[in-house]
Amino acid sequence: MAVKTSKKAASIDMTAMCDVAFLLLTFFILTATAKIPEALPVDTPASTVQTKLPETDLATLTIGKGKVFFDLKGREIRKRTLELMAQKYGVEFTDDDKDKFALMEGFGVPIESLKSIIEMKSSERSKANQPGVPKDSLDNQLAQWVQNARIANIEINDKELQIAIKGDAKEEYPAIRKVMDILQDQKINSFSLVTGLRGKDF
């Protein structure tokens, strides 16, 4: 005589699975770095070449809308460059200003206006109207930023600073040529051009 066993609905306890899922989610949120909005967003020209820019010993000159923004990798390099520029132009910056400047992204103002940009919150800074770093022959602060950044990089890292130019694809050639001339005046004939990646079939 066959004995029938009563069938019960199988249930799986999902509590442990939910705990693991939330732990992973929390981990990725806490370890992720938020993309900071660029001070001067540009539409870079397309290229099929994949060459990664170095993480250190790098200055980036962003050109767009007739403006030039300056950015520099490395907190200590940034602080030392600011000190050298302050000496050159007779502008005073506090230790707190230097610490904040070391954490900033690129900027595009004359050094006389830099203190007001440093004192802003990062959200305000990205919306601020920055006219660009002066690059005219009468007030060529861009050349001084590049020169002093090179000095600071050699003092601290004992390496030559590398330069990258990030230009808008629609930017007129004379604006980019002007920046290249500034670099070549300092015997910088090798620099990287930042481009966006596109497919090889385009």
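Residues numbered from 1 in each chain as written. Predicted model: local features only at pLDDT ≥ 70, side-chain atom pairs only at ≥ 80, totals over all residues. Heavy atoms only, no water.

Enquirer: Mind showing me how you'd approach the overall build of the chain here?
Expert: Of the regular secondary structure elements, the chain holds seven helices and six strands. When its helices and strands are written in sequence order, the chain yields α-β-β-β-α-α-α-α-α-β-α-β-β. Put simply, the chain has 202 residues, and 37% of those count as buried. Once local pairs closer than 6 in sequence are excluded, the contacts in the chain between residues at least 24 apart make up 67%. Surface summary for the chain: the accessible area is close to 13,500 Å², and the carbon and sulfur share equals 55%. (Helix = DSSP H or I, 4+ residues; strand = E, 2+ residues; numbered from the N terminus. Buried < 20%, exposed > 50% of the residue type's maximum accessible area, 1.4 Å probe, protein only. Contact = heavy atoms within 4.5 Å. Areas by Shrake-Rupley, 256 points an atom, 1.4 Å probe, with all protein chains shown as cover.)

Enquirer: Even after reading the chapter, I still don't get the pairing of strand S3 (residues 67-72), so can you show me in this structure?
Expert: A regular strand places its side chains on the two faces of the sheet in alternate fashion. For S3, a buried count of six out of six residues is recorded, marking the element as mostly surrounded by other parts of the structure. Here S3 shows a buried face lined by Lys67, Phe69 and Asp71 and a second buried face lined by Val68, Phe70 and Leu72. Between strand S2 (residues 58-64) and S3, which pair antiparallel in sequence order, lie two residues; one of them, Lys65, sits at a positive phi of approximately 55°. (Pairing = 2+ DSSP bridges.)

Enquirer: Looking at this structure, how should I read a nonpolar patch on the surface?
Expert: A cluster of nonpolar side chains, namely Val20, Leu24, Phe27 and Phe28, defines an oily patch on the protein surface of about 410 Å² accessible area. By secondary structure assignment, the location of Val20 is in helix H1 (residues 15-31). Taking relative accessible area as the criterion, Val20 reaches 45% and is therefore assigned partly exposed. (Patch = residues over 30% accessible without salt bridge, like charges linked within 9 Å, V, L, I, M, F, W, Y side chains within 5 Å. Salt bridge = Lys/Arg side-chain N within 4 Å of Asp/Glu carboxyl O.)

Enquirer: What's the story with the packing of helix H2 (residues 75-89) against helix H3 (residues 95-103) in this structure? I'm lost.
Expert: Helix-helix packing is characterised by the crossing angle of the two axes and by the distance between the axes. Axis separation between H2 and H3 bottoms out at 8 Å; the angle between their running directions is 130°. Viewed along their axes, H2 and H3 adopt a mutual orientation that is oblique. The two elements H2 and H3 meet at a crossing, and its hand is right-handed. For the pair H2 and H3, the contacting residues are Arg75, Arg78, Lys79, Leu82 and Glu83 in the first and Lys98, Asp99, Phe101, Ala102 and Leu103 in the second. Residue composition of the contact of H2 with H3, grouped by class: four nonpolar, no polar and six charged. (Axes fitted to C-alpha atoms, helices over the stretch in contact; angles between N-to-C directions. Parallel < 35°, antiparallel > 145°, perpendicular 65-115°, else oblique. Left-handed = near helix turned anticlockwise from the far one by under 90°. Nonpolar A, V, L, I, M, F, W, Y, C, P; charged D, E, K, R; others polar.)

Enquirer: Looking at this structure, how should I read the packing of aromatic side chains?
Expert: Any two aromatic rings considered together are summarised by their centre-to-centre distance and by the angle between their planes. Under the definition given, this model contains five aromatic pairs. Pairing Phe107 with Trp145 gives two aromatic rings, centres 4.9 Å apart and planes at 65°, and the pair type is edge-to-face. Of the two residues, Phe107 sits in the loop between H3 and helix H4 (111-118) while Trp145 sits in helix H6 (residues 141-157), which places them 38 residues apart along the sequence. By the burial criterion, Phe107 is buried, and Trp145 matches it. Cluster of aromatic residues (ring-pair linked, three or more members): Phe70, Phe101, Phe107 and Trp145. Cation over ring: Arg78 sits above Phe101, and NZ or CZ is 4.7 Å from the ring centre. (Phe/Tyr/Trp six-rings, centres within 6.5 Å; stacked < 30°, edge-to-face > 60°. Lys NZ or Arg CZ within 6 Å of the ring centre and 35° of its normal.)

Enquirer: In this structure, what is going on with the pattern of salt bridges? I would like to understand it.
Expert: Two side chains that carry opposite charge are able to pair once their charged atoms sit near each other. In total, this model carries 10 salt bridges according to the counting rule given. The partner of Lys98 in a salt bridge is Glu83, with the nearest N and O atoms 3.6 Å apart. In this pair, Lys98 sits in helix H3 while Glu83 sits in helix H2, placing the two residues 15 residues apart along the sequence. Owing to a relative accessible area of 16%, Lys98 belongs among the buried residues under this scheme. Residue class for Glu83 comes out partly exposed when judged on its relative accessible area of 25%. Between Asp97 and Lys115 there is a salt bridge whose closest N-O contact spans 2.2 Å. Here Asp97 is found in helix H3, whereas its partner Lys115 is found in helix H4, with 18 residues between them in sequence. Each of Arg80, Glu83, Lys98 and Glu155 takes part in one network of salt bridges that share partners.

Worth remembering: the numbers are spatial, not functional.
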